[in-house]
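Residues per chain are reported as follows:
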Amino acid sequence: MWMLRVICCLLSVGSVVDAAGGEASTLAIDMTTRYAPYADWATVVDVNVLARQSPSRYWRTPEEVASERGQGTLPLAGLHLALDPGHIGGQWADAEGRHFRIAEDDFYVREGELVLEVARLVRAQLVALGAKVSLLREANLPVNPKSPFDYLLMAAAQVSEPTECTPKALWEYGCAMRARAERLSIVTGDLIERARLVNQEIQPDALISLHINAAAWPVAPAPAAGESESESEALRLVESNNLHALIFGCMSAGELQVGRQQAQLAVKLVNGSGAPEQLLGDALVTALAEATGLPAARYEGRNAILLDSQQPYLYARNLLMLRMAECPTVLLEPYVANSVAAYARIQAALADRAAGRALVEDDILVEYADAVVAGVLACYGADLVDSSGD
Ligand SMILES: [Zn+2]
């Protein structure tokens with residue numbers, strides 16, 4: 001019912017000029033500069049209607065968290081953060097497409113496992129600073145209780161049946177069915193379940209989604225004379241290693257037409273998550289840039305937009321998790337896992353952990369975690385009230 005009401009409100013087309021006050025014009029600016037900068041949003045979204053809606057939210061702004069904090073308490077007392085270790089890892093890493101190694105005696109690089117380690121390191125420090133921290137997963141297992149088996153009927157409706165009855169065609173059909181059912185379960189279904197947990201059960205003040213980026217693999221050259229095909233197909237690392245962070249925005253014209261996405265946009269617009277989200281994103285990515293010294297990644301297309309020319313690391317993009325989580329949400333993408341520099345550091349980090357050795361000072365996962373803690377402190381720390389002059 002609630003969803004339907006929001007959709008109906010959004011669909012009532014009206015003038016952007018608002019006689020009722022300045023709030024609609026602020027929403028219009030937000031739509032034009034951040035949420036749908038490349039789309040003719042005014043034919044779909046009525047900011048006058050949205051401006052009259054009374055928002056409800058479960059999260060508190062950084063100022064509210066700081067103002068409720070007593071004197072002499074720990075710097076992050078009262079803050080409730082959720083951490084999302086992106087992806088799954090473990091036996092699902094291959095199906096996720098986040099599983100590789102360069103040489104046979106290297107450790108497998110699995111994004112879901114690396115960011116779970118980062119989340120644990122971040123939690124330990126944030127809890128010591130007084131925050132409450134909830135992890136969306138504690139193991140390399142799906143969050144979604146529905147397995148790929150539960151999606152077989154849906155997959156069957158999406159995968160074309162074979163046109164001929166040959167063993168090869170049947171085999172390919174089976175492979176396509178399995179891949180689609182797995183994707184529906186461990187990617188789309190898992191993200192939807194994570195967002196449900198955040199909004200309905202955890203209800204944190206903010207959500208930080210932890211990822212490590214990867215670049216497209218360079219195209220392998222044709223086998224050279226005397227070289228076998230498998231040798232020529234060996235993965236080659238890339239040179240470019242960089243950093244960026246994402247917050248919600250940059251919906252396309254097509255995405256704006258989808259009722260479900262309209263409703264989610266309305267929630268995020270009306271509940272005021274935009275400004276604290278940008279503040280948290282800025283704080284986190286500034287801390288990561290300082291810690292890593294990495295250059296900013298660059299989006300060339302229209303699927304993301306830079307929000308502030310003074311902050312080259314922070315983009316708005318319409319990803320499912322960013323759109324569905326109602327609280328301020330930031331997705332971090334430091335390092336390119338298949339770059340020469342990051343790959344070597346990831347191998348060293350995995351080797352130290354496998355051998356039970358003490359972690360070195362420049363351990364890449366510790367560096368990542370420490371920067372996240374510094375960013376959270378900058379955004380939600382105890383001196384927030386003092387520095388504002390109150
Ligand atoms: Zn990722």
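Calculation rules
Residues numbered from 1 in each chain as written. Predicted model: local features only at pLDDT ≥ 70, side-chain atom pairs only at ≥ 80, totals over all residues. Heavy atoms only, no water. Helix = DSSP H or I, 4+ residues; strand = E, 2+ residues; numbered from the N terminus. Buried < 20%, exposed > 50% of the residue type's maximum accessible area, 1.4 Å probe, protein only. Contact = heavy atoms within 4.5 Å. Pairing = 2+ DSSP bridges. Patch = residues over 30% accessible without salt bridge, like charges linked within 9 Å, V, L, I, M, F, W, Y side chains within 5 Å. Areas by Shrake-Rupley, 256 points an atom, 1.4 Å probe, with all protein chains shown as cover. Salt bridge = Lys/Arg side-chain N within 4 Å of Asp/Glu carboxyl O. Donors = N, O, S within 2.8 Å, 3.2 Å for Na, K, Ca; no water. Expected span 1.5 Å × (residues − 1). Axes fitted to C-alpha atoms, helices over the stretch in contact; angles between N-to-C directions. Parallel < 35°, antiparallel > 145°, perpendicular 65-115°, else oblique. Left-handed = near helix turned anticlockwise from the far one by under 90°. Nonpolar A, V, L, I, M, F, W, Y, C, P; charged D, E, K, R; others polar.

Participant: I tried to follow the environment of Pro148 on my own but got confused; where do I start?
Facilitator: Within the secondary structure, Pro148 is located in the loop between β2 (132–135) and α7 (152–158). Classification of Pro148 by relative accessible area gives buried; the value is 15%. Ignoring any residue separated from it by four or fewer positions in sequence, one finds Pro148 in contact with Trp92, Ala181, Glu182 and Ser185.

Participant: Even after reading the chapter, I still don't get the pairing of strand β7 (residues 329–334), so can you show me in this structure?
Facilitator: A regular strand carries its side chains on alternate faces of the sheet. Burial analysis of β7 places six of its six residues in the buried class, which makes it a mostly covered element. Side chains Thr329, Leu331 and Glu333 project from β7 onto one buried face, and the interleaved Val330, Leu332 and Pro334 project onto a second face that is buried too. Two elements, strand β3 (residues 206–210) and β7, share four bridges in a ladder whose sense is parallel. Bridge pairing in β7 links Leu210 to Leu332.

Participant: How do you make sense of a nonpolar patch on the surface when you look at a structure like this?
Facilitator: A cluster of nonpolar side chains, contributed by Ile102, Trp217 and Leu235, occupies part of the molecular surface with about 220 Å² of accessible area. Along the polypeptide, Ile102 turns up in the loop between α5 (93–96) and α6 (111–128).

Participant: Help me understand the coordination of the zinc ion in this model?
Facilitator: Geometrically, a metal with four donors at the corners of a regular tetrahedron has ideal angles of 109.5 degrees, and one with six donors at the corners of a regular octahedron has ideal angles of 90 or 180 degrees. In this structure, His87 (NE2), Glu111 (OE) and His211 (ND1) serve as the protein donors to the zinc ion, at separations of 2.1 to 2.2 Å. Site description for the zinc ion: donor spacing in sequence, H-x23-E-x99-H. With a gap of 100 residues between them, Glu111 in helix α6 and His211 in the loop between β3 and α9 (229–232) connect regions that are remote in the sequence. Each member of the pair Glu111 and His211 is classed as buried.

Participant: Help me understand helix α11 (residues 259–270), please; the structure alone is not making it clear to me.
Facilitator: Each α-helix winds once per 3.6 residues, and so residues spaced three or four apart point in a common direction. The terminal C-alpha atoms of α11 lie 17 Å apart, and with twelve residues this matches the ideal 16 Å at 1.5 Å per residue to within 8%. Where burial is concerned, most of α11 is hidden: ten out of the twelve residues are buried. Among the residues of α11, those classed as buried are Gln261, Gln262, Ala263, Gln264, Leu265, Ala266, Val267, Lys268, Leu269 and Val270. Positive phi shows up at Gly272, right after α11, with a value of about 75 degrees.

Participant: Hey, could you run me through the packing of helix α12 (residues 274–292) against helix α15 (residues 364–380) in this one?
Facilitator: When two helices pack together, you describe them by how their axes are tilted relative to each other and by the distance separating the axes. The N-to-C vectors of α12 and α15 enclose an angle of 140 degrees; their axes lie 8 Å apart at closest approach. Classified by the interaxial angle, the pair formed by α12 and α15 is oblique. Read as a crossing pair, α12 and α15 show a hand that is right-handed. From α12, Leu279, Leu280, Ala283, Leu284, Ala287, Leu288, Ala291 and Thr292 reach across to α15, where they touch Glu367, Tyr368, Ala371, Val372, Ala374, Gly375, Val376, Ala378, Cys379 and Tyr380. Residue composition of the contact of α12 with α15, grouped by class: 15 nonpolar, two polar and one charged.

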